[in-house]
Number of protein chains: 2
Amino acid sequence: MDSATIDLQAEVNRLCHEIQTLEVQRESENGESITISDYILKRLEQLDVTSIFGLPGDFNMRMDFIEDHPTIKWIGNCNELNASYAADGYARVKERSIGVVVTTFGVGELSAINGIAGAFSEMVPVLHIVGVPSTTQLKSKPMLHHTLGNGRFDAYTKAAEQVTIAQAAIMTPRQAGPEIDRILTECITHARPVYLTLPMDLVAAKIPAKRLKVALPRTPPANNPDVENYVLDEIVKLVDDAKQDVVILVDACAIRHDVRQEVSDLLTKTQFPVYASPMGKTAVSEEHERYGGIYVGSITQPSIKEKVEGAKLILSIGALKSDFNTGMFTYHIPTARTVELHSDQTLIRHGHFPGIGMKLLLPKLTERLSKYKQGALKIPVLRFKLDVPKEGDYKISHAYFWPRLGKFFRKQDVIVAETGTSNFGVLDVPMPDKSIFVSQILFGSIGWATASTLGAALAARDRGLGRTILFTGDGSMQLTVQEISTMIHYKLKPIIFVLNNKGYNIERHLHGLDRKYNDIVDWKWTSLLTTLGDTDGKLSKSYTVRSKAELDKLLDDDEFASAQKIQLVEVLMDKYDTPRALQAAADLTAKMAAKSVG
Amino acid sequence: MDSATIDLQAEVNRLCHEIQTLEVQRESENGESITISDYILKRLEQLDVTSIFGLPGDFNMRMDFIEDHPTIKWIGNCNELNASYAADGYARVKERSIGVVVTTFGVGELSAINGIAGAFSEMVPVLHIVGVPSTTQLKSKPMLHHTLGNGRFDAYTKAAEQVTIAQAAIMTPRQAGPEIDRILTECITHARPVYLTLPMDLVAAKIPAKRLKVALPRTPPANNPDVENYVLDEIVKLVDDAKQDVVILVDACAIRHDVRQEVSDLLTKTQFPVYASPMGKTAVSEEHERYGGIYVGSITQPSIKEKVEGAKLILSIGALKSDFNTGMFTYHIPTARTVELHSDQTLIRHGHFPGIGMKLLLPKLTERLSKYKQGALKIPVLRFKLDVPKEGDYKISHAYFWPRLGKFFRKQDVIVAETGTSNFGVLDVPMPDKSIFVSQILFGSIGWATASTLGAALAARDRGLGRTILFTGDGSMQLTVQEISTMIHYKLKPIIFVLNNKGYNIERHLHGLDRKYNDIVDWKWTSLLTTLGDTDGKLSKSYTVRSKAELDKLLDDDEFASAQKIQLVEVLMDKYDTPRALQAAADLTAKMAAKSVG
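Residues numbered from 1 in each chain as written. Chains lettered and ligands numbered in written order. Predicted model: local features only at pLDDT ≥ 70, side-chain atom pairs only at ≥ 80, totals over all residues. Heavy atoms only, no water.

J.: Sorry, what's going on with the packing of helix α11 (residues 260-270) of chain A against helix α13 (residues 358-369) of chain A here?
T.: Describing two packed helices takes the angle between their axes plus the distance from one axis to the other. Residues and elements named next belong to chain A. In the contact formed by α11 and α13, the axes pass within 9 Å of each other and the chain directions differ by 5°. Here α13 runs roughly parallel to α11, going by the angle between their axes. Between α11 and α13, the residues in contact are Glu-262, Val-263, Asp-265, Leu-266, Lys-269 and Thr-270 and Lys-359, Leu-362, Pro-363, Thr-366 and Leu-369, respectively. Across the contact of α11 with α13, the residue classes break down as five nonpolar, two polar and four charged. (Axes fitted to C-alpha atoms, helices over the stretch in contact; angles between N-to-C directions. Helix = DSSP H or I, 4+ residues; strand = E, 2+ residues; numbered from the N terminus. Parallel < 35°, antiparallel > 145°, perpendicular 65-115°, else oblique. Contact = heavy atoms within 4.5 Å. Nonpolar A, V, L, I, M, F, W, Y, C, P; charged D, E, K, R; others polar.)

J.: Explain the domain arrangement of chain A here, please?
T.: Much of the literature gives interface size as the accessible area that the parts lose upon coming together. Residue and element names in this part refer to chain A. Here chain A is partitioned into domain 1 (2-213), domain 2 (234-377) and domain 3 (398-584). Domain 1 and domain 3 are separated by 32 Å when their C-alpha centres are compared. Roughly 2100 Å² is buried in total at the junction of domain 1 and domain 3, and carbon and sulfur atoms are behind 59% of that figure. Linking domain 1 with domain 3 are two salt bridges. Its salt-bridge partner being Asp-462, residue Lys-94 comes within 2.8 Å of it at the nearest N-O pair. On inspection of domain 1 and its partner domain 3, the count reaches 16 residue pairs in polar contact (both at pLDDT 80 or more). Contributing elements (two or more residues each) for the side of domain 1 that touches domain 3: β2 (51-54), β3 (73-76), α4 (80-94) and α5 (107-121). Tallying contributions element by element places α4 first for the side of domain 1 that touches domain 3, with nine residues. (Domains from an automatic or database assignment. Buried area = accessible area lost by both parts, 1.4 Å probe. Salt bridge = Lys/Arg side-chain N within 4 Å of Asp/Glu carboxyl O. Polar contact = N/O pair within 3.5 Å; in protein donor to acceptor, adjacent residues only side chain to side chain.)

J.: What should I look at first to understand the UniProt feature "domain: Thiamine pyrophosphate enzyme TPP-binding" (unreviewed entry) in chain A in this one?
T.: Mapped onto this structure's residue numbering, the UniProt feature "domain: Thiamine pyrophosphate enzyme TPP-binding" (unreviewed entry) falls at residues 436-510 of chain A. Helix makes up 48% of residues 436-510 of chain A and strand 21%. Its end C-alpha atoms lie 29 Å apart. (UniProt positions renumbered as here; feature names shortened; annotations may be inferred.)

J.: Teacher, can you tell me more about the sheet that holds strand β16 (residues 414-417) of chain B here?
T.: The strands making up a sheet are joined through hydrogen bonds of the backbone, oriented either antiparallel or parallel. Residues and elements named next belong to chain B. If you trace the six strands from one edge of the open sheet to the other, you get β17-β16-β18-β19-β21-β20, paired in parallel fashion. Pairing within the sheet leaves two strands with one partner each, and these edge strands are β17 (436-439) and β20 (540-545). Across this sheet, the average inter-strand angle for adjacent strands is 15°, counted without regard to direction. Note: strand β19 (residues 495-500) against strand β21 (residues 566-572), six bridges, orientation parallel. Looking at β21, one finds that Ile-496 is bridged to Leu-568. With respect to the sheet, helix α22 (residues 548-556) is in contact with β19, β20 and β21, its orientation differing from that of β20 by roughly 150°. (Pairing = 2+ DSSP bridges.)

J.: Please explain the environment of Gly-447 of chain A as it appears in this structure.
T.: Residue and element names in this part refer to chain A. Looking at where Gly-447 falls in the secondary structure, it is placed in the loop between β17 (436-439) and α17 (448-463). Sequence separation between Gly-447 and Ser-476 is 29 residues, and the spatial gap between their C-alpha atoms is 4.8 Å. If sequence neighbours within four positions are ignored, Gly-447 has contacts with Tyr-85, Glu-418, Ser-476, Leu-479 and Thr-480.

J.: Just checking my understanding: could you explain the packing of aromatic side chains for this structure?
T.: Any two aromatic rings considered together are summarised by their centre-to-centre distance and by the angle between their planes. Residues and elements named next belong to chain A. Taken as a whole, this structure holds 38 aromatic pairs over all chains when the rule is applied. Centroid distance Tyr-230 to Phe-353: 5.8 Å. Interplanar angle 45°. Geometry classified as tilted. Note that Tyr-230 is positioned in helix α9 (residues 225-241) and Phe-353 in strand β15 (residues 351-354), a separation of 123 residues in sequence. Note on Tyr-230: relative accessible area 45%, which makes it partly exposed. Given the relative accessible area of 16%, Phe-353 is considered buried. One Lys or Arg, Arg-467, reaches over the ring of Phe-408 and ends 4.3 Å from the middle of that ring. (Phe/Tyr/Trp six-rings, centres within 6.5 Å; stacked < 30°, edge-to-face > 60°. Buried < 20%, exposed > 50% of the residue type's maximum accessible area, 1.4 Å probe, protein only. Lys NZ or Arg CZ within 6 Å of the ring centre and 35° of its normal.)

Below is the structure:
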């Protein structure tokens, strides 16, 4: 019954939007027309998109429309996978906007599919526009280049269906407006990628512009008031029973489903202690006085673990319980002590309340829970901090590197960490207020971070944020390295830390410590920036740091820290050294694997 | 009925193989066992595989088995797309073997899917092995990293189904042998990629080794003798009617379906003039005295065009009539004057003869047509040659470059040309006897050539062939550039020509001549090899040639020509200059597009 209600509400929303559109159409019966390309661009403009990523191809949307657009910029990438990663990074940092990637039929779109799948997995809103042959060719199916040679013109769309939440194949101008609006609405409502094919002959076809006067609906469906009230009562009762011994645990979907402001209000008005999962890192300011750090099940720092697992009630917001995000499924929090708020449902202990979404529930909950503020303040929260250890050795260890970098971070920095070593390493490092942490912990595709940094840096520039700082490994960097060239071209100035430990560190610790297949070719890292675009060496600077002293000196250098050029820092580390959290996760994984092999 | 016959014959073949296997099993009831990994490797060894491409990942096949194998080598790539391209290139040059690529669940396999699709389109036998979670996890579907986060563990396989001819998901040891054999048989019989998922916990599971004593069947199903005889009679009648004015046109599938020897015999015994399509280039020796050059419909050099289109009968072998392979569908050869031999059917004028495959038909046809030899010899064939033009200008034009390179090629060279400018440019250039031309004209995924060269060079080394020479553009090279690093690592010594014309030349000529989206970032090309692995500069050499004189000097240099190191040559060309055939194809494409937009 509740599921039926959700469907009905979605339908009501859709009908409301259609009615508004019809009203606008009636008002100006002989209204303006617009090309389909410009229609799309206008919608993207409304969604605050300023950069579109991709590569040209003879079937794809004539980029002329994008190149000629006054506020949206065409960002030409080096390859399509990188373009899709960049669109993902852009959407993550831009917020309340979407990432857009344009590729060509078959060869382009398939190269991008892993980036789109990552956006699906991690709930990042990305529009993938694919330029396809003309409508005539799509019907007659000649043996065109970029096809499979057997007339299956729908094969690529079928693959895309696996990794996108909605698809639209524009085949007539009439369809275009409603179809584009439908998938964009899905994209922003569900924070998932969508897929649009646009035939060559329709790129410049004219359609009515009237629909554009109605903005796409953003607000989630209303919660059923009776159920919502019941849910609120139940939660209040549990908080009451817990005698205010409540902790809030913020996770990925608080970011993805845009409730950071609502969570911030909840914290201010209730003062409950708050912790974050790895994927929820920086959803709440890590300088907030009621913030206690990162909870990752068994991998959690012991002092934090005790606080979270000892609380009488856990109010979990936007949980995403993937293996790496939960310390390999080692949460020690019984369901009977948990309330989970999600974008489309609420879970109270063992009870499910579908259709009760957190975006609209949270303000009411804040209202109801504010009376516990004084009691909540009595529960102490240990300051989340990490001291730089004293080590006799000159070597840059992980134990030293990450806390030391913590001192380097500034307010509003955008910090991108690659899956694996960097991601685990940076977990324990507190980040300053208003900084943004970007990572791909669930999908975990190596190479993502470098290309994603391109999009993140563009979005950061748009939003007037601080520096963009990338942490990646020598192995991961090799997958997508060419995208540095695009950063140079568009005058972006990220600081890129390449942890050179001679191979795939995380793989080494999971299996095959000394196996050759975990080795990689050593590159001349400090030549990369000049080779890949800064040919006269004026736009970039590269460094190698071999010791703690060299690292300290560089990080303390004001010119380096001011990030006026694109900079790459090769950090030489021991081949076998690894961050604490990664070692712990690897041990747990090995245990799981052993059990599963049996 | 004929189609039913084919099915029945396939079934008969399969049953024969099963019976043999059962007999072997009966003979040694308590026979040896082998791990699934070693079973696969043993089958690959039987198929003459010596290199396996891929990247490690925590779910994938423990590479230990590969690393420890005495004759098969693990080739660690920089990313998965490149690995799949390399496997494709390897299979093309190795011949009568297959390419193999190993990736990990989701993130790895999806990155490779475009390379697999290319192998499907172009009919290249490639085995894609994907390491997946344990069988327990595949059933219980926890929220593992690399998943879509929604429990759809079959999503990636569904995508793979679109671009592979057969799939096997090993879930029990019992299945493993028959399933591996089934898809490998499909792979070699149809020359198309296949997809195998291997759960972590089955990598080292033991299975009986007995099946391995029976080699996988390679011969195509027998032709129905009555139909075959009828077909032979009909063809002989047509040749007779044509009064020996017959030309043979060799195309892609003559290479893919392994009838080069049969075609060579046909030529020797009949002496009919022979021409090749772009995708059939080097299927027949271009130094053969009866070889007249490349036929591409309207784009054909006029003297060749006249010879082919003027013949009374065209005997087409392995035709693959894609747009770029047929000069945008501009064959001027009426069906009434054509006989087409294919791997699985024969077409005589308007009649179809399904199930009559060329591999077994050709020797019989040669026998029957040998009596026309004396008559055929009367038909003159113009020598296929291309003079280096005299040009006053110092600039390296396409009109100069390609014929000049023709003088540089040697017997047994492997020549890889990127889709686009290079592909069209090299078309008119005669290649020496026993050289192998490798290109991706149907699928046309830019970036393919560079990574494919890695595989091609490994296979060439295996086969004791000559130099591997790559032609690519500055735009295309950027997509997959990191794979050069792998070439350096494995001491391969290709000569890499990078045509630097400041952007996507083919796209420029198709649309947007001066558009920024067709520009790319200029790299310091001559620093690439040292940056990407030859850090002390001992293994490689790089050059820039700016003028005809510089190009000539380099090509005439014996040390350069002997290819003792990996070498990269940046060839500076005019931004707007383009090869004759590309300009012609672009003009035709523009005409087609205009018609299709209407």
